[in-house]
Amino acid sequence: MSKTLYDKLWDAHVVRQHDDGSCLLYIDRQLVHEVTSPQAFDGLRLARRDVWRRTANLATADHNVPTTDRSQGITDPVSRLQVDTLDDNCDEFGITEFKMGDIRQGIVHVIGPEAGATLPGMTVVCGDSHTSTHGALGALAFGIGTSEVEHALATQCLVQKKSKNMLVSVDGAVGPGVTAKDIVLAIIGEIGTAGGNGYAIEFGGEAIRALSVEGRMTVCNMAIEAGARAGMVAADEKTVEYVRGRTYAPKGDLWEKAVMAWRELHSDADAKFDRVVRIAAAGIKPQVSWGTSPEMVTAVDARVPDPARESDPVKREGMARALKYMGLQAGTPITAIEVDKVFIGSCTNSRIEDLRAAAVVAKGRKKAANVKQVLIVPGSGLVKQQAEQEGLDKIFTAAGFEWREPGCSMCLAMNADRLEPGERCASTSNRNFEGRQGAGGRTHLVSPAMAAAAAVAGHFVDVREWE
Amino acid sequence: MEKLTTLTGLVAPLDRANVDTDQIIPKQYLKAIHRTGFGPTLFDDWRYLDPGEPGMDHGTRRVNPEFVLNQPRYQGARILLARENFGCGSSREHAPWALLDYGFRVIIAPSYADIFFNNCFNNGILPIVLPAAVMDKLFAETLATPGYQLSVDLAAQRVTTSSGESFGFEIDEFRKYKLLNGLDDIGLSLQHAGDIKAYEARRRVEAPWLFLE
Ligand code: SF4
């Protein structure tokens, strides 16, 4: 029987089928960070349990770490305690951790693929909803809660029920200046933040195949914003080349064997999906979110929508509330919206290609006078190092942007990087919820190139006109 | 979760009705990163004369000598006698965590709040329901007898006094099974440890690159 990619990944990991339809699903890799793991480790201690398979886990601290000078450590005592606790737990249970001083430290969803700890065909979990990112390698990856973190640590398994299959096919080629971020924002704008509820989404079509593996990570990262716990892309030659030579990737004979297996990681030609969504790539323009939900998004050459023209009363009310929070008038051209701050980073857009895209725009230009701060936060120490070798940091600092240490930073403002009430930000992160980047802060989700262009112009601009 | 089959232990009497979870563990302690360590702040408002904050050294706080658990004769108690509607209020799982961390494995009361009752089972605590008349008798004997102990036999569903008097109690079969075997959800999955190992053995052959050390 023909299978989807999701069917294949699922079937390969079923340890046991229970009577109620749930399965004991084997987990190949668990990624661990400081916020959602302390009670899980504590649960193990309380129950006098050990970690089932230590080497299946990899940890790092990302949410609470400062992005400025780290020689003083973390000054906020609550944040410091969480990070120290992770260090202690990893030491006690013998789990490899890329600690704060380690060049490999970074955002958990950046370091997994970077280290080759995420491989095609794996099941990958982490106590974080953006674990869907790892699906870009042809893996089944999804976020879990703290009790499940403990369950996976103790048993290397989770009790799960299978989702339905959805294919989002982005057909044809995108135009110049249109990136992976624009594709995924357009998808979310089309199917809505609940569109993927109950589904595992496979992203396919010519435009997805044309993306680099890093671009596919950007797309899969935001599957959760479309309501799906898991997003994935079939493995291909690009996937294989991406993985080759990475620290935890197989070598020699094993590599050859693995690559043979990875070639099967695609949906069969006649596989059945429960739902198929087709989007024409040619119609996708650079996107800017205007509201307080990722589905409230439009093209950069459009205007802020008018709630009065929405027929659904619930939606109308939601739009009106969002515009009020965002301090926007219906009908305003998107390009007329001025920004106070710019954030380039997060597990969505902090990889080397993202920084390169931002640097292309920033090169030889300067931050606009009305923009108070532009933060460039690489996704990992290795991304930072690579960018510095390419001289990207010089381009950014010459433009008046701040070059920071790796971490989640202003994606969720758990460390010192945040928006002040009323401040407006062009952000390459994934959530524009009220208060996400700081109480009262206003977030517009965009691609790295669009964010850099907004930093230079002081307002949103259509980056296609600059290239 | 630690299994519970039989337990013979020192008994402490908490002679108050409607003890809510905010009294069992006050809200300021919920910011913690641990599930353990709540023992020193169990019944915090009653136990200490000065207000408590997380991060304090509770050993240096002024102890309320009036509070029953502070009396020397109840140190090391494993069984708590309580009154009606024990554990009402918020659903915080910190309440059973605190009781467990303090050392209680068994609570005996005439009735409990629902969520708390559930939370107990999920954390390896056995909440026993006995009629109010029996509770009166147990409270009286505990107060009259220093070092008063009770024996609990979960399999037989009986509580026995040192004089040999014994009382039966009811418990849901599946909960009893989980407690007797020390099974929480993780425990239940670990019952299939053989299947997990067999799966791993097969995958080590099929896909050895997933098991690089
Ligand atoms: S970068 Fe943002 S979305 Fe990603 S893991 Fe960190 S906080 Fe979560």
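Residue numbers here run from 1 along each chain, matching the order of that chain's written sequence. Labels follow written order: the first chain is A, the first ligand is 1, and so on. A pLDDT threshold of at least 70 governs which residues receive local features in this predicted model, and a stricter bar of 80 or more applies before side-chain atom pairs are shown or counted, although totals over entire chains, interfaces and linings include all residues. With hydrogens and water set aside, each side-chain value is computed from the structure's full complement of heavy atoms.

1. Focus on the overall build of chain B
- Scanning chain B from N- to C-terminus turns up eight helices and seven strands.
- Each principal axis of the C-alpha atoms in chain B carries an extent, and together these give about 65 × 45 × 30 Å.
- Residue burial is assigned from relative accessible area. The probe radius is 1.4 Å, only protein chains are included, and a residue is buried under 20% of its type maximum, exposed over 50%, and partly exposed in between. Here chain B, with 213 residues, has 52% of them falling under the buried criterion.
- Whether two residues touch is decided by their heavy atoms; if any such pair falls within 4.5 Å, the residues are in contact. Within chain B, contacts between residues at least 6 apart in sequence are counted, and of these 65% link residues at least 24 apart.
- Throughout, the Shrake-Rupley method with a 1.4 Å probe supplies accessible areas, and for residues the shown protein chains are the sole cover considered. Per element, the accessible surface of chain B, about 9500 Å² overall, is 51% carbon and sulfur.
- Positive charges come from Lys and Arg, negative ones from Asp and Glu, while His and the chain ends are left out of the count. Charge positions are represented by NZ for Lys, CZ for Arg, CG for Asp and CD for Glu. Of the charged side chains in chain B, 22 are positive and 27 negative; the average position of the first set lies 3 Å away from that of the second. Numbering of helices and strands runs from the N terminus, with a helix taken as a DSSP run of H or I at least four residues long and a strand as a DSSP run of E at least two residues long.

2. With respect to helix H2 (residues 38-46) of chain A
Residues and elements named next belong to chain A.
- Counting buried positions over the nine residues of H2 gives seven, a clear majority of the element.
- Every buried residue belonging to H2 is among Pro38, Gln39, Ala40, Phe41, Asp42, Gly43 and Leu44, and all of these are buried.
- Where H2 is buried, its residues contact strand E3 (29-32), helix H3 (77-93) and helix H5 (146-155).
- Directly beyond the C-terminal end of H2, a positive phi value near 55 degrees is found at Arg48.

3. Quick notes on empty space enclosed by the protein
- Computed over the protein atoms alone on a 1 Å grid, cavities are sets of points where a 1.4 Å probe fits but cannot get out and pockets are open sets with protein on both sides within 12 Å along at least five of seven lines; a residue lines them when it has an atom within 4 Å of a point. Grid points are joined across faces, edges and corners, and a volume is the space filled by probe spheres set on the points. For the coordinates displayed, the defined rule picks out one cavity of 30 Å³ or more.
- Space inside the largest cavity adds up to approximately 60 Å³.
- Residue lining of the largest cavity: Asp28, Arg29, Arg53, Thr55, Ala56, Leu119, Met122 and Tyr248 of chain A together with Trp209, Leu210, Phe211 and Leu212 of chain B, and that is the complete set.
- Residues of the lining of the largest cavity, tallied by class, amount to eight nonpolar, one polar and three charged. Three categories are distinguished: nonpolar for Ala, Val, Leu, Ile, Met, Phe, Trp, Tyr, Cys and Pro, charged for Asp, Glu, Lys and Arg, and polar for the others, with Gly belonging to the last.

4. Regarding the pairing of E3 of chain A
All names here are of chain A.
- Of the two faces of E3, the one carrying Arg29 and Leu31 and the one carrying Gln30 and Val32 are both buried.
- Alignment of E3 against strand E6 (residues 123-126), held across three bridges, turns out to be parallel. Note on E6: the bridge partner recorded for Leu31 is Cys126.
- Two strands qualify as a pair provided DSSP detects at least 2 bridges between them. Bridging between E3 and strand E4 (residues 57-60) involves three bridges; their strand directions are parallel. Counterpart to Val32 in the pairing with E4 is Ala59.
- Each parallel crossover has a hand, and the one from E3 via H2 to E4 is right-handed. Whether a crossover is right-handed depends on one test, that the path from the first strand over the helix to the second runs clockwise when the strands point away from the viewer.

5. Observations concerning the packing of aromatic side chains
- Stacked, tilted and edge-to-face are the three classes applied to pairs of Phe, Tyr and Trp rings, where Trp contributes its six-membered ring and a pair requires centres within 6.5 Å; stacked means planes under 30 degrees apart, edge-to-face means over 60, and tilted covers the rest. Applying the stated criterion across every chain yields a total of 14 aromatic pairs over all chains.
- Judged by centre distance (5.4 Å) and plane angle (80 degrees), the ring pair of Phe86 of chain B and Phe116 of chain B falls under edge-to-face. Of this pair, Phe86 of chain B sits in the loop between strand E2 (79-81) and helix H3 (94-102) while Phe116 of chain B sits in helix H4 (residues 114-122), and the two are 30 residues apart along the sequence.
- Here the aromatic cluster, defined as three or more aromatic residues joined through ring pairs, consists of Phe396, Phe401 and Trp403 of chain A.
- The ring of Tyr248 of chain A carries Arg29 of chain A above its face, with NZ or CZ at 5.9 Å from the centroid.
- We note Arg61 of chain B situated over the ring of Tyr48 of chain B; from NZ or CZ to the ring centre the distance is 3.9 Å. The criterion is that NZ of a Lys, or CZ of an Arg, lies within 6 Å of the ring centre and within 35 degrees of the ring normal, and then a charge sits over that ring.

6. Topic: the site of the ligand
- Lining the immediate surroundings of the ligand are His63, His109, Asp128, His130, Ser346, Cys347, Cys408, Cys411, Leu412, Asn430 and Arg436 of chain A.
- Considered class by class, the residues forming the shell around the ligand number four nonpolar, five polar and two charged. One heavy atom within 4 Å of a molecule or strand makes the whole residue count as near it.

7. Observations regarding the domain arrangement of chain B
All names here are of chain B.
- By the assigned domains, chain B splits into domain 1 (6-182) and domain 2 (183-213).
- A C-alpha centroid distance of 37 Å is found between domain 1 and domain 2.
- Across the boundary between the two partners, domain 1 contributes five residues, which contact five residues of domain 2.
- Accessible area that two parts lose when put together, with a 1.4 Å probe and added across both, is what the buried area reports. Buried area between domain 1 and domain 2, summed over both chains or domains, comes out near 430 Å², and the portion from carbon and sulfur atoms is 51%.
- Contact with domain 2 buries surface across domain 1, with Tyr177, Lys178 and Gly182 losing the most and accounting together for 72% of the total.
- Each reported salt bridge corresponds to a side-chain nitrogen of Lys or Arg within 4 Å of a carboxyl oxygen of Asp or Glu. Along the contact surface separating domain 1 from domain 2 lie zero salt bridges.
- Within 3.5 Å is the distance limit for a polar contact, defined as a pair of N or O atoms, with the added protein rule that one can donate a hydrogen and the other accept it, and that residues adjacent in sequence qualify only through two side-chain atoms. Seen at the junction of domain 1 and domain 2, the total is three residue pairs in polar contact (both at pLDDT 80 or more).
- Looking at the side of domain 1 that touches domain 2 residue by residue, the classes come out as two nonpolar, two polar and one charged. Here the bounds of each domain stem from an automatic or database domain assignment.

8. Some details on the interface of chain A and chain B
- Of the residues lining the interface, 43 residues belong to chain A; the matching set on chain B comes to 32 residues.
- Both faces combined, the contact of chain A with chain B buries some 3100 Å², and carbon together with sulfur accounts for 62% of it.
- For the chain A face of the interface with chain B, the top three residues by lost area are Leu46, Arg49 and Trp52 of chain A, together amounting to 19%.
- Counting the contacts that link chain A with chain B gives five salt bridges.
- Among the salt bridges present, the one from Arg35 of chain B reaches Glu150 of chain A, with a minimum N-O distance of 2.6 Å.

9. Some words on the sheet that holds strand E5 (residues 149-153) of chain B
Residue and element names in this part refer to chain B.
- Strand order across the open sheet formed by seven strands is E4-E3-E2-E1-E5-E6-E7, with mixed pairing between neighbours. Of all the strands in the sheet, just strand E4 (126-129) and strand E7 (166-168) have a single pairing partner and so form its edges. Looking at each pair of strands side by side, their axes are set apart by 25 degrees on average, direction ignored.
- Relative to E7, strand E6 (residues 158-161) runs antiparallel, the two sharing three bridges. When the bridges of E7 are listed, Arg158 appears paired with Gly168. Lines fitted to the C-alpha atoms define the axes, with helices restricted to the stretch that makes contact. Angles between their N-to-C directions range from 0 to 180 degrees.

10. So, the side chain of His130 of chain A
All names here are of chain A.
- Tracing the chain through its elements places His130 in the loop between E6 and strand E7 (140-143).
- Residue class for His130 comes out buried when judged on its relative accessible area of 3%.
- For His130, the residues in contact, after removing those within four places along its chain, are His109, Asn221, Ile224, Glu225, Cys347, Asn430 and Arg431.

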